Amino acid sequence: MDVVETQQGGPGLAQVRRVRTEVPGPRSAELLARQRAALPAGVGSALPVFITAAGGGVVVDADGNSFIDFGSGIAVTTVGNAAPRVAERAAAQLHRFTHTCFLVNPYESYVEVCERLNRLAPVPGEKRTLLVNTGAEAVENAVKIARAATGRPGVVVFDHGYHGRTLLTMSMTAKNVPYKQGFGPFATDVHRAPMAYPYRWPGGPERCAEEAAAALVELIDRQVGAGNIAAVVVEPIQGEGGFVVSAPGFLPAVAEICAERGILLIADEVQTGIARTGAMFACEHEGVQPDLITTAKGLGGGLPIGAVTGRAELMDAVPAGGLGGTYSGNPVACEAALGVFDEIERGDLLRRAAEIERIMRPALAELAERHTFVGEVRGRGAMLAIEIVRGPDRTPDPARTAEISKRCHAGGLLTLTAGSYGNVLRFLPPLSIPDSLLTEGLAVLAAACG
Ligand code: PMP
């Protein structure tokens, strides 16, 4: 009965919000029951409706509901879902060959993705890029390279940081439940510094950058010893941590602290990178040039690929055979990544991300004016968030956050939550979303806030 079953995704999909059933609808509920019987309980979904097509600014489910997409599969389909150049290039590659293993036989598309990232990344000097499959793998490899290049073991990360679910990256991740609980023992030599989180800095936002930099120096010089630290790993805007934009001046201070001590700076741009914030990399907003940058998510337009881009002399510190993996830089994913670069260039998507901020920010600011529980509006480009609080002491309010999110979902708007306290609503629309859906999505959000 349902035309949706055969509907094609991509930008040709009808760009409408349509809620035909309760959410999740009966077909999704049926599939969810099968999921519960077949998958472990540890795999959950933010909005458990089963998707049959997606593209432009919508995702369509098995009951024919069409949701405005403010999530992009957690910042992955930045150029749009089933974006034409991504789909065409990946499909053509599927018919040529699906895999050789780059460790067995190389192919040109891998080299081309690396050349493109080397040209684009704000890393100084000559550069090299390694391809992997996921964000966690990118971060883990960046740390391996930093250790090999410096001969030092230590890694410094920040409060509220998220870097992945593998043993090392889970150890680097700040939040215990659900990412770490029960999964120890953790990797050693991971040290955590306070994040320059202006909204929650005890001394106030004005003193945030300076005091957080001083705390980092204290950790490095007194507690760990600079000579024991390979790298400081920082997200220029924290993703899972709640879209925390560090206080202006903090990132340049971190870069300087690292440079003075021979510590490498790794920017984890897995969530912020590849046009999301209105620049190719979020570091560029602060003029910071890290030694190594990790990317994934938006890089493949939905296909699994990640990368480490870094200064040539560091990247080359690992001898042949020390890096790689069976699927790393899979040829279909490489073609998808080349399609992503094309979409960004031809669609002028850096400008589009900035434009999305210009449309969304005033609407979010209005919510903050209307409701005292909207404590802060923050983010950059198409990576924006509101923090939900209770009372003058800014107590995090995860219950209200979940309630607003639920109402958005019931109203046909896909939103995601984030934050160490689960009290941040984050918005990551695909850059292919039409203005009309952005505005409509913001109206659904406003109604959900009451
Ligand atoms: N680093 C950051 C900043 C991330 O946001 C994420 C994913 N949310 C990761 C690393 C891990 O990426 P993946 O899930 O692809 O392993």
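Look up: the structure comes first, before these words.
For the structure given in this document, a descriptive report is provided here. Sequence order sets the numbering: in each chain, residues are counted from 1 along the sequence as written. Per-residue local features are limited, in this predicted model, to residues with pLDDT of at least 70; the limit for side-chain atom pairs, both in listing and counting, is 80 or more; totals at the level of whole chains, interfaces and linings are taken over all residues. Side-chain metrics in this entry use all non-hydrogen atoms of the structure; hydrogen atoms and water are not considered.

## What to know about the overall build of the protein chain
Each helix is a run of H or I in the DSSP string that is no shorter than four residues. Each strand is a run of E no shorter than two, and both are numbered from the N terminus. Within the protein chain, the secondary structure is distributed over 13 helices and 18 strands. Only protein chains enter the calculation, and the probe is 1.4 Å; a residue is then buried if its accessible area is under 20% of its type maximum, exposed if over 50%, and partly exposed in between. Residue burial in the protein chain is summarised as follows: out of 450 residues, 55% are buried. Shrake-Rupley sampling with a 1.4 Å probe provides the accessible areas, and residues are treated as covered by the protein chains on show and by no other component. Accessible surface for the protein chain amounts to roughly 18100 Å². Of this, 54% is attributable to carbon and sulfur atoms. Charge counting follows a simple rule: Lys and Arg are positive, Asp and Glu are negative, and His as well as the terminal groups are ignored. Throughout, a charge is located at the NZ atom of Lys, the CZ atom of Arg, the CG atom of Asp or the CD atom of Glu. Charged side chains in the protein chain number 41 positive and 48 negative. The centres of these two groups are separated by 3 Å.

## Concerning the side chain of Glu-343
Within the element layout of this structure, Glu-343 appears in helix 10 (residues 331–346). Polar side-chain contacts of Glu-343 include one of 2.9 Å to the backbone nitrogen of Arg-85. In what follows, residue pairs with any heavy atoms lying within 4.5 Å of each other are defined as contacts. Each residue touching Glu-343, except ones within four places of it in the same chain, is listed here: Val-79, Ala-83, Pro-84, Arg-85, Val-86, Asp-348 and Leu-349. Within 3.5 Å is the distance limit for a polar contact, defined as a pair of N or O atoms, with the added protein rule that one can donate a hydrogen and the other accept it, and that residues adjacent in sequence qualify only through two side-chain atoms.

## Some details on the site of the ligand
Only heavy atoms are used to decide nearness, and a residue is near a molecule or strand if one of them lies within 4 Å of it. As a structural note, the neighbourhood of the ligand is formed by Thr-134, Gly-135, Ala-136, Tyr-162, His-163, Gly-164, Glu-235, Glu-240, Asp-268, Val-270, Gln-271 and Lys-297. The contact in question runs from a nitrogen atom of the ligand to an N or O atom on the backbone of Tyr-162, over 3.5 Å. Take Glu-240: an N or O atom from its side chain is 3.2 Å from a nitrogen atom of the ligand. Relative to its free-state accessible area of 390 Å², the ligand is covered by the protein chains to the extent of 83%. Residue composition of the shell around the ligand, by class: 3 nonpolar, 5 polar and 4 charged. Throughout, the ten residues Ala, Val, Leu, Ile, Met, Phe, Trp, Tyr, Cys and Pro are labelled nonpolar, Asp, Glu, Lys and Arg are labelled charged, and all others, Gly among them, are labelled polar.

## Looking at the environment of Phe-102
With respect to the helices and strands, the residue Phe-102 is situated in the loop between helix 3 (84–96) and helix 4 (108–120). It is 7.4 Å that separates the C-alpha atoms of Phe-102 and Ser-328, two residues lying 226 residues apart in sequence.

## Things to note about the packing of helix 4 against helix 10
Between two packed helices, both the angle of their axes relative to each other and the distance between the axes serve to describe the pair. As a packed pair, helix 4 and helix 10 sit with axes 8 Å apart at the nearest point and diverge in direction by 40°. With respect to each other, helix 4 and helix 10 are oriented oblique. Between helix 4 and helix 10 lies a crossing whose hand is left-handed. Here Ser-109, Tyr-110, Glu-112, Val-113, Arg-116, Leu-117 and Leu-120 of helix 4 lie close against helix 10, whose contacting residues are Pro-331, Cys-334, Glu-335, Ala-337, Leu-338, Phe-341, Asp-342 and Glu-345. Interaxial angle, 0 to 180 degrees, is taken between N-to-C directions of lines fitted to C-alpha atoms, where a helix line uses only the stretch in contact. The cut-offs work like this: below 35 degrees is roughly parallel, past 145 is roughly antiparallel, 65 to 115 is roughly perpendicular, and the gaps in between are oblique. Each helix crossing is assigned a hand: it is left-handed if the near helix lies turned anticlockwise from the far helix by less than a right angle, otherwise right-handed if that turn is clockwise.

## Some words on the pattern of salt bridges
By definition, a salt bridge exists where a carboxyl oxygen of Asp or Glu is found within 4 Å of a side-chain nitrogen of Lys or Arg. If you walk through the whole model with that rule in mind, you get 30 salt bridges. A salt bridge links Arg-207 to Glu-211, with the shortest nitrogen-to-oxygen separation between them at 2.7 Å. Linking Arg-207 with Glu-211, this pair stays in helix 7 (residues 205–224), spanning 4 residues, or about one helical turn. Using a relative accessible area of 27% as the deciding quantity, one classes Glu-211 as partly exposed. Of the charged contacts, one joins Asp-291 and Arg-311 as a salt bridge, the two residues approaching to 2.6 Å between their closest N and O atoms. Of this pair, Asp-291 sits in the loop between strand 10 (264–268) and strand 11 (292–295) while Arg-311 sits in strand 12 (residues 306–311), placing them 20 residues apart in sequence.

## Quick look at the packing of helix 12 (residues 398–410) against helix 13 (residues 435–449)
Relative to each other, helix 12 and helix 13 sit at 135°, their axes nearing to 9 Å. Of the possible angle classes, the one that applies to helix 12 and helix 13 is oblique. As for how helix 12 packs across helix 13, the hand of that crossing is right-handed. Contacts from Ile-404, Arg-407 and Cys-408 of helix 12 reach helix 13 at Val-444, Leu-445, Ala-448 and Cys-449. Among the residues forming the contact of helix 12 with helix 13, the class breakdown is 6 nonpolar, no polar and 1 charged.

## Examining the side chain of Asn-65
Looking at the secondary structure, you find Asn-65 in the loop between strand 2 (58–61) and strand 3 (66–69). Using a relative accessible area of 1% as the deciding quantity, one classes Asn-65 as buried. Of note is the side chain of Asn-65, whose polar atom sits 2.5 Å from the backbone nitrogen of Arg-20. For Asn-65, the residues in contact, after removing those within four places along its chain, are Arg-18, Val-19, Arg-20, Thr-21, Glu-22, Val-59 and Val-60.

## Re the nonpolar core
Core analysis: the largest hydrophobic core is formed by 85 residues, its most contacted members being Phe-70, Leu-364, Ile-386, Ile-404 and Leu-445. Setting aside residues up to four positions removed in sequence, Ile-404 forms contacts with Phe-373, Ile-388, Leu-425, Leu-445, Ala-448 and Cys-449. The criterion is simple. A nonpolar core is a set of buried Ala, Val, Leu, Ile, Met, Phe, Trp, Tyr and Cys residues joined through side-chain atoms within 4.5 Å. If you look at the next biggest cluster of nonpolar residues, it comprises 31 residues, including Ala-196, Ala-247, Phe-250 and Leu-265.

## A closer look at the sheet that holds strand 2
In a beta sheet, neighbouring strands pair by backbone hydrogen bonds and run either parallel or antiparallel. Pairing between two strands is assigned when DSSP locates at least 2 bridges connecting them. Strand order in the open sheet formed by 4 strands is 1-2-3-16, with mixed pairing between adjacent strands. A strand with exactly one partner marks an edge of an open sheet, and here the two such strands are strand 1 (51–55) and strand 16 (413–414).

## Notes on helix 10
Expected span of a helix: the number of residues minus one, times 1.5 Å. Between its first and last C-alpha, helix 10 extends 22 Å over 16 residues, near the 22 Å set by a 1.5 Å rise per residue. The buried fraction of helix 10 amounts to 14 of the 16 residues, a majority that puts the element mostly inside the structure. Residue Asn-330 occupies the N-cap position of helix 10, its side-chain oxygen lying 2.8 Å from the main-chain nitrogen of Val-332. Backbone geometry just after helix 10 places Asp-348 at a positive phi near 50°.

## Quick look at the pairing of strand 2
A two-sided burial pattern is seen for strand 2, the buried positions comprising Val-58 and Val-60 on one face and Val-59 and Asp-61 on the other. Across 4 bridges, strand 1 lies against strand 2 in antiparallel orientation. Each bridged residue has a counterpart across the sheet, and for Ala-54 the counterpart in strand 2 is Val-59. The antiparallel hairpin formed by strand 1 and strand 2 contains 2 residues in its connecting segment, where Gly-56 sits at a positive phi of about 60°. Pairing between strand 2 and strand 3: 3 bridges, direction antiparallel. Across the sheet, Val-59 pairs through a bridge with Phe-67, a residue of strand 3. In this structure, the hairpin formed by strand 2 and strand 3 is closed by a connection of 4 residues, where Gly-64 is found at a positive phi of approximately 85°.

## Thoughts on the packing of aromatic side chains
Geometry of aromatic contacts follows a simple scheme: Phe, Tyr and Trp rings, the Trp one being its six-membered ring, pair when their centres are within 6.5 Å, and the pair is stacked under 30 degrees between planes, edge-to-face over 60, tilted otherwise. The tally for this structure, following the rule as stated, stands at 7 aromatic pairs. Seen from their ring centres, Phe-102 and Tyr-110 are 3.9 Å apart, and the 20° between their planes marks the pair as stacked. Taking relative accessible area as the criterion, Tyr-110 reaches 9% and is therefore assigned buried. Taking the centre distance of 5.8 Å and the plane angle of 80° together, the rings of Phe-158 and Phe-250 count as edge-to-face. Of this pair, Phe-158 sits in strand 5 (residues 154–158) while Phe-250 is found in helix 8 (residues 250–261), placing the two residues 92 residues apart along the sequence. Take Phe-158: its relative accessible area is 2%, and that puts it in the buried class. As a reminder, the over-ring test applies to NZ of lysine and CZ of arginine, requiring each to be within 6 Å of the ring centre and within 35 degrees of the ring normal. The lysine or arginine in question, Lys-180, covers the ring of Phe-186, its NZ or CZ lying 5.2 Å from the ring centre. Positioned over the ring face of Phe-373 is Arg-400, at 4.0 Å from the centre of the ring.

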